[in-house]
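Commentary on secondary and tertiary structure
The residues making up each chain are set out below.
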Amino acid sequence: YNKDDAFDVDEGYQGSMQFLFGLVDFEGNHALEIDSMTGGNVDSSPRTFVELYGATFIKADQVTNDALIRIRKGAGGRYANIVALGKARYSLLVDTCGTVTYSQM
């Protein structure tokens with residue numbers, strides 16, 4: 001139970017998370033916020049890359065026009081099996097994306 005972001009990931013975090021539960025009250029912001037940008041550069045290294053599998057996020061009430069889950073400022077990742085419910089303008093908001101290069105192995 002939190003009055004800000006239940007989970008806030010940034011600073012180039014690269015790792016896995018599983019079985020998360022976040023409850024955000026009406027004064028809170030996001031259940032999950034993931035950022036990567038440092039020094040004003042969305043392509044800065046190391047870039048935040050989260051692997052998140054199995055999560056439930058609940059927002060008690062909407063006080064902003066924001067999202068339950070916000071991924072921004074060059075962050076990336078792999079996400080699966082997430083339940084997001086409650087009063088928010090968006091369940092998932094992705095913005096301020098960085099440059100992406102895809103390669104095939």
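Everything discussed here concerns the structure shown above.
In this text the structure is predicted, and so the values were computed from the model without any measurement. (Residues numbered from 1 in each chain as written. Predicted model: local features only at pLDDT ≥ 70, side-chain atom pairs only at ≥ 80, totals over all residues. Heavy atoms only, no water.)

A closer look at the overall build of the chain
- What the chain contains, in helices and strands, is zero helices and seven strands.
- Ordered by position in the sequence, the α and β elements of the chain form the string β-β-β-β-β-β-β.
- Against the compact-globule benchmark of 13 Å for 105 residues, the chain has a radius of gyration of 14 Å, which places it among compact chains.
- Judged by the C-alpha coordinates and their principal axes, the chain covers about 40 × 30 × 20 Å.
- Counting every position in the chain, which comprises 105 residues, the buried fraction comes to 35%. (Helix = DSSP H or I, 4+ residues; strand = E, 2+ residues; numbered from the N terminus. Rg over C-alpha atoms; globule rule 2.2 N^0.38 Å. Buried < 20%, exposed > 50% of the residue type's maximum accessible area, 1.4 Å probe, protein only.)

As for the sheet that holds strand 4 (residues 49–59)
- Here three strands make up an open sheet; going across it, the order is 2-4-6 and the pairing parallel. If you trace the sheet from one side to the other, it starts and ends with strand 2 (14–24) and strand 6 (76–86), each paired once. Across the sheet, the mean angle from the axis of one strand to that of its neighbour is 5°, orientation sign disregarded. (Pairing = 2+ DSSP bridges. Axes fitted to C-alpha atoms, helices over the stretch in contact; angles between N-to-C directions.)

Side note on the sheet that holds strand 5 (residues 67–72)
- Ordered in space as 1-3-5-7, the four strands form an open sheet in which the pairing is parallel. Unpaired on one side and paired on the other, strand 1 (7–9) and strand 7 (90–95) mark the two borders of the sheet. Within the sheet, the average angular offset between the axes of one strand and its neighbour, ignoring direction, is 10°.
- Here three bridges tie strand 1 to strand 3 (residues 32–34), and the two strands are oriented parallel to one another. Within strand 3, the position partnered with Val9 by the bridge is Ile34.

Description of the nonpolar core
- In terms of nonpolar packing, the biggest core is built from 15 residues, with Ile34, Leu52 and Phe57 touching the most fellow members.
- Elements with a contribution of two residues or more to this core: strand 2, strand 3, strand 4 and strand 5.
- Considering each element in turn, this core owes the most residues, four residues, to strand 4.
- Discounting chain neighbours no more than four positions away, the residues touching Ile34 are Val9, Thr48, Val50, Arg70, Ile71, Arg72, Ala75 and Tyr79. (Core = buried A, V, L, I, M, F, W, Y, C linked by side-chain atoms within 4.5 Å. Contact = heavy atoms within 4.5 Å.)

What about the pattern of salt bridges?
- Scanning all chains against the criterion turns up five salt bridges.
- The partner of Glu33 in a salt bridge is Arg72, and the shortest N-O contact between them spans 3.4 Å. Highlighted residues: Glu33 in strand 3 and Arg72 in strand 5, separated in sequence by 39 residues. As far as the burial class goes, Glu33 and Arg72 line up, both buried.
- Across the pair Arg78 and Glu51 runs a salt bridge whose closest N-O atoms are separated by 3.7 Å. Here Arg78, found in strand 6, pairs with Glu51, found in strand 4; they are 27 residues apart in sequence, far enough to count as distant.
- For Glu51, a relative accessible area of 24% gives the class partly exposed.
- Through salt bridges that share partners, Glu33, Asp35 and Arg72 make up one connected network. (Salt bridge = Lys/Arg side-chain N within 4 Å of Asp/Glu carboxyl O.)

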